[in-house]
Amino acid sequence: MKIQKELIRSEDPAKERILKAAFKLFYSKGYPNTGINEILEEAGAFKKSLYIHFPSKKDLGKAYLLEQEEAILGFVKRIAKREKKYSDFIKSWMKMLRRGLKNTYVYGCPYANLSNQTHDEPEISDFVKVALNRWVQDFENCLKEIAWNSKKAKTESELKDISESILFYYQGALQLYGMSGDFKHIHRLEKALLSLDK
C-alpha cells in the first residue's frame, strides 16, 4: 500500500488519535516493542478504526516515516529559504536542531531509529531506500539556491556529493547523540557541515 500525505492528515478524529499514539510509542518504545493493542489503548480507539485506515502495522510504520521525513525536510527547506549563505544556513539549522533535541527528539533521529529497527521488513526497508534518495534530492535543491563562501558555483555532481555528505554526517551525529545524549556530537556535526564549503 502506497502511503500518501492524506494518510497523515485526516479529519477522522479516531485516525488522528491512532497516528498520534503510534508516533509517540514508536519513538519512545521502538517499533518492534510496540503492539497494536497498546496503540489502540493509548489512542482510545477500536481495531475496526485502525484497520479501516491502516491494514497493517507496517502501514502505520510507513505513515510514521513519511511524517518524520516531511517534518525534518520541511524544516530544513524553510531555513534554506530564509538563509541565503551556506554557513548561515548550517548555523541556523544547527541552532534549531539543538533546540529540537532538547524538547522533542531526545532519543535522536526518529526516522533513523525506526529504519534501524525494521531491517527484517523488506517493505519498510524499500520504503526507506526510496526516501533517502528524496532526502539527497531535496538537499540538492536547497543548495542550488545558496551562496557559497568559496564564491565558486557548484556543479551538479558536487551538489549531489555535498548532499550525500550532509545526510551521512547528520544521521551519524544523530545516532551518536541518541545513544549518548551528548551534545558534542551535534557540535561536531556543525563543524563537519561547515567544512563542506570549500
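A few points on the structure. Treat the numbers as computed from the prediction; the structure is a model and nothing was measured.

Thresholds, definitions, all that
Along each chain, residues carry numbers from 1 onward, in the same order as the chain's sequence is written. Only residues with pLDDT of at least 70 are given local features in this predicted model, and only at 80 or more are side-chain atom pairs given and counted; all residues enter the totals for whole chains, interfaces and linings. Water and hydrogen atoms were dropped before computing side-chain values, which therefore reflect all heavy atoms in the structure. Between the N-to-C directions of two axes lies an angle of 0 to 180 degrees, each axis being a line fitted to C-alpha atoms and, for a helix, fitted only over the stretch in contact. By definition, any uninterrupted DSSP run of H or I lasting at least four residues is a helix, any uninterrupted run of E lasting at least two residues is a strand, and each is numbered from the N terminus. In what follows, roughly perpendicular refers to angles from 65 to 115 degrees, roughly parallel to angles under 35, roughly antiparallel to angles over 145, and oblique to any angle outside these ranges. Definitions for this section: a left-handed crossing has its near helix turned counterclockwise from the far helix by less than a right angle. A right-handed crossing has that turn clockwise. Between two residues, a contact is recorded if the distance between any of their heavy atoms is within 4.5 Å. Residues were grouped as follows: Ala, Val, Leu, Ile, Met, Phe, Trp, Tyr, Cys and Pro as nonpolar; Asp, Glu, Lys and Arg as charged; and all remaining residues, including Gly, as polar. Side-chain rings of Phe, Tyr and Trp, where Trp is taken by its six-membered ring, are said to pair if the distance between their centres is within 6.5 Å; with planes under 30 degrees apart they count as stacked, over 60 as edge-to-face, and otherwise as tilted. Sitting over a ring, as applied to charges here, requires NZ of Lys or CZ of Arg to be within 6 Å of the ring centre and within 35 degrees of the ring normal. By convention in these notes, a salt bridge is any Lys or Arg side-chain nitrogen within 4 Å of a carboxyl oxygen on Asp or Glu. Relative accessible area decides the class of each residue, using a 1.4 Å probe on protein chains only: under 20% of the type maximum gives buried, over 50% gives exposed, and in between gives partly exposed.

1. Brief notes about the packing of helix α4 (residues 57–82) against helix α5 (residues 86–103)
Phase 1: Across the interface, α4 lies against α5 with an axial gap of 9 Å and an inter-helix angle of 140°. Considering their axes alone, α4 and α5 lie oblique with respect to each other. In the packing of α4 onto α5, the handedness of the crossing is right-handed. Of the residues in α5, those touching α4 at Phe75, Val76, Ile79, Ala80 and Arg82 are Phe89, Ser92, Trp93 and Met96.
Phase 2: Residue classes in the contact of α4 with α5 are distributed as seven nonpolar, one polar and one charged.

2. Observations regarding the packing of aromatic side chains
Phase 1: Under the defined criterion, the tally for this structure stands at 12 aromatic pairs.
Phase 2: Their ring planes at 55° and their centres at 5.3 Å tell us that Tyr111 and Trp135 sit as a pair that is tilted. Of this pair, Tyr111 sits in helix α6 (residues 110–116) while Trp135 sits in helix α7 (residues 122–144); the two residues are 24 residues apart in sequence, bridging distant segments of the chain.
Phase 3: What links up through ring pairs into an aromatic cluster is the set Tyr86, Phe89, Trp93, Tyr111, Trp135, Phe139, Trp148 and Tyr170.
Phase 4: A cation over an aromatic ring shows up here: Lys57 above the ring of Tyr31, its NZ or CZ 4.4 Å from the ring centre.
Phase 5: Above the ring of Phe183, the side-chain terminus of Lys102 is found at 5.8 Å from the ring centroid.

3. Looking at the pattern of salt bridges
Phase 1: Within the structure shown, the criterion is met by eight salt bridges.
Phase 2: For Glu38, the salt bridge identified is with Lys29, shortest N-O distance 2.7 Å.
Phase 3: In this structure Glu38 comes out as partly exposed when scored by relative accessible area, which is 28%.
Phase 4: Lys29 gets classed as partly exposed once you look at its relative accessible area, which sits at 37%.
Phase 5: Here Glu156 ties to Lys144 by a salt bridge, and the two come within 3.9 Å at their closest N and O atoms. Of this pair, Glu156 sits in helix α8 (residues 156–180) while Lys144 sits in helix α7, placing them 12 residues apart in sequence.
Phase 6: For Glu156, a relative accessible area of 52% gives the class exposed.
Phase 7: Of the residues examined, Lys144 reaches a relative accessible area of 40% and is grouped as partly exposed.

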